[in-house]
Number of protein chains: 2
Amino acid sequence: MAYKAKIRVTLRPSILDVQGKAVQHALENLGYSTIDSARIGKYIEATINEEDHVEAERIGDEICRKLLANPVMEDYSIELEKIN
Amino acid sequence: MAYKAKIRVTLRPSILDVQGKAVQHALENLGYSTIDSARIGKYIEATINEEDHVEAERIGDEICRKLLANPVMEDYSIELEKIN
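Residues numbered from 1 in each chain as written. Chains lettered and ligands numbered in written order. Predicted model: local features only at pLDDT ≥ 70, side-chain atom pairs only at ≥ 80, totals over all residues. Heavy atoms only, no water.

1. Some remarks on the relation of the copies chain B and chain A
Taken as rigid bodies, chain B and chain A are interconverted by a rotation of 180° and an axial shift of 0.0 Å, the fit giving an RMSD of 0.0 Å. Overall, the copies show the geometry of a two-fold rotation axis. Mapped onto chain A, 100% of the interface residues of chain B are again interface residues, and the two copies thus contact each other with one and the same surface. (Least-squares fit on C-alpha atoms with pLDDT ≥ 70 in both. Contact = heavy atoms within 4.5 Å.)

If you want it as structure tokens, here you go:
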């Protein structure tokens, strides 16, 4: 059994998101006046070969803290989906 | 009323994900042998000031096609969340 971990890493709200601002301005220039803000983050899909849901969750959390996210500047959220 | 569009842009399965491979190898080197694959995409959160859910959905889809995703190489999915 395996789990697919769907991980979203976003900049903390207090951190200026330059890339997001650029996208927002590009959207404004394209005529999308109803779009107030845009923030850009990372999305990671990882397959975890693990029987146990709790253990898969622990691994997902650990790899976020150790490698995928910068805990000083970024938040992350994990969603586990069982596959086969 | 406004909607928060949570947009995930991922490389199509047939496209080689070099960044994902690098992350997977880094995880292997850190001792995570149960992680089979990792693929990296983008995550975008945009606030759409729109009364109508259908219209907000249409705008979300349009900005993905026009700006946020490259339809030749990437897939996208949109999740709308009502805010205030």
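2. Some thoughts on the side chain of Glu74 of chain A
All names here are of chain A. Mapping Glu74 onto the fold places it in strand β3 (residues 74-83). Buried charge without a salt bridge: Glu74, with Lys42 as the nearest opposite-charge side chain at an N-O distance of 4.1 Å. Once residues within four sequence positions are removed from consideration, Glu74 is found in contact with Val9, Thr10, Leu11, Arg12, Lys42, Leu68 and Ala69. (Helix = DSSP H or I, 4+ residues; strand = E, 2+ residues; numbered from the N terminus. Buried < 20%, exposed > 50% of the residue type's maximum accessible area, 1.4 Å probe, protein only. Lys, Arg positive; Asp, Glu negative; His and termini not counted. Salt bridge = Lys/Arg side-chain N within 4 Å of Asp/Glu carboxyl O.)

3. Digging into the sheet that holds β3 of chain A
Two modes of strand pairing occur in sheets, parallel and antiparallel, and in both the strands are linked by backbone hydrogen bonds. The strand order across the open sheet built from six strands is β3(A)-β1(A)-β2(A)-β2(B)-β1(B)-β3(B), with neighbouring strands paired in antiparallel fashion. Looking at which strands have only one partner, the edges of the open sheet turn out to be β3 of chain A together with β3 (74-83) of chain B. Going from strand to strand, the sheet's axes swing by 20° on average, the running direction of each strand aside. Judged from the 13 bridges that link them, strand β2 (residues 35-48) of chain A and strand β2 (residues 35-48) of chain B form a sheet pairing that is antiparallel. Paired with Gly41 of chain A across the strands is Tyr43 of chain B, a residue of β2 of chain B. Across the sheet, helix α2 (residues 53-68) of chain B lies against β2 of chain A together with β1 (2-11), β2 and β3 of chain B, angled at about 150° from β3 of chain B, the strand it touches most. (Pairing = 2+ DSSP bridges. Axes fitted to C-alpha atoms, helices over the stretch in contact; angles between N-to-C directions.)

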